[in-house]
Amino acid sequence: QVQLVESGGGLVQTGGSLRLSCEASGRTFSWYAMGWFRQAPGKEREFVAAISWNGGSTYYADSVKGRFTISRDNAKNTVTLQMNSLKAEDTAVYYCAAREGIYSSDSSRYAYWGQGTQVTVSS
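From a predicted model like this one, the values you see are computed outputs, not experimental measurements. (Residues numbered from 1 in each chain as written. Predicted model: local features only at pLDDT ≥ 70, side-chain atom pairs only at ≥ 80, totals over all residues. Heavy atoms only, no water.)

Our focus in this paragraph is the environment of Cys96. Along the chain, the position of Cys96 falls in strand 9 (residues 92-100). A relative accessible area of 0% means that Cys96 is categorised as buried. Linking Cys96 and Asn54, residues 42 residues apart in sequence, is a C-alpha distance of 17 Å. When near neighbours in sequence (up to four residues on either side) are disregarded, Cys96 contacts Leu4, Glu6, Cys22, Met34, Gly35, Trp36, Tyr112, Trp113 and Gly114. (Helix = DSSP H or I, 4+ residues; strand = E, 2+ residues; numbered from the N terminus. Buried < 20%, exposed > 50% of the residue type's maximum accessible area, 1.4 Å probe, protein only. Contact = heavy atoms within 4.5 Å.)

Going through the model one piece at a time under the given rule, you end up with five salt bridges. With a closest N to O distance of 2.7 Å, Glu46 and Arg38 form a salt bridge. Owing to a relative accessible area of 29%, Glu46 belongs among the partly exposed residues under this scheme. With a relative accessible area of 4%, Arg38 lands in the buried category. Notably, a salt bridge pairs Lys65 with Asp62, separated by 3.3 Å at the nearest N-O pair. Using a relative accessible area of 68% as the deciding quantity, one classes Asp62 as exposed. (Salt bridge = Lys/Arg side-chain N within 4 Å of Asp/Glu carboxyl O.)

The tendency in soluble globular proteins is for nonpolar side chains to be buried as a group. If you look at the biggest cluster of nonpolar residues, it comprises 35 residues, and the most contacted ones within it are Leu4, Met34, Trp36, Leu81, Met83 and Tyr94. Elements that contribute at least two residues to this core include exactly strand 1 (2-7), strand 3 (18-26), strand 4 (32-39), strand 5 (46-51), strand 7 (68-73), strand 8 (78-83), strand 9 and strand 11 (117-122). (Core = buried A, V, L, I, M, F, W, Y, C linked by side-chain atoms within 4.5 Å.)

In this section: the pairing of strand 1. The alternating pattern of strand 1 places Val2, Leu4 and Glu6 on a buried face and Gln3, Val5 and Ser7 on a face that is not buried. In the sheet, strand 1 pairs with strand 3 via six bridges, with the strands oriented antiparallel. Each bridged residue has a counterpart across the sheet, and for Val5 the counterpart in strand 3 is Glu23. (Pairing = 2+ DSSP bridges.)

Laid out in structure tokens, this is it:
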């Protein structure tokens with residue numbers, strides 16, 4: 001079992017930056033691939049970014065590629081999503097997720113989820 005807690009969300013103006021963090025506890029963190037997903041009002045949850053168990057591989061949605069960066073520190077049991085050049089369409093609740101095996105853009109493959117943190121981008 002893995003427990004995940006996100007932090008770092010808030011209100012930011014268009015073009016600004018935020019850094020989201022996800023702290024994990026429970027099962028050995030280094031065994032899990034990690035992902036970030038987001039969900040806006042009236043829309044389905046969508047993939048944002050993912051990272052392999054050792055941080056050696058990353059994958060990004062086209063909508064955030066070049067603006068967002070995912071990283072992890074297994075010694076600290078944390079995953080970070082650095083978000084730059086934020087746009088209004090980035091407004092959503094952001095969720096951290098974990099799974100055994102290879103990282104994936106499919107939310108159904110992730111067994112463990114955090115509570116979410118709100119990101120609001122204003123113009």
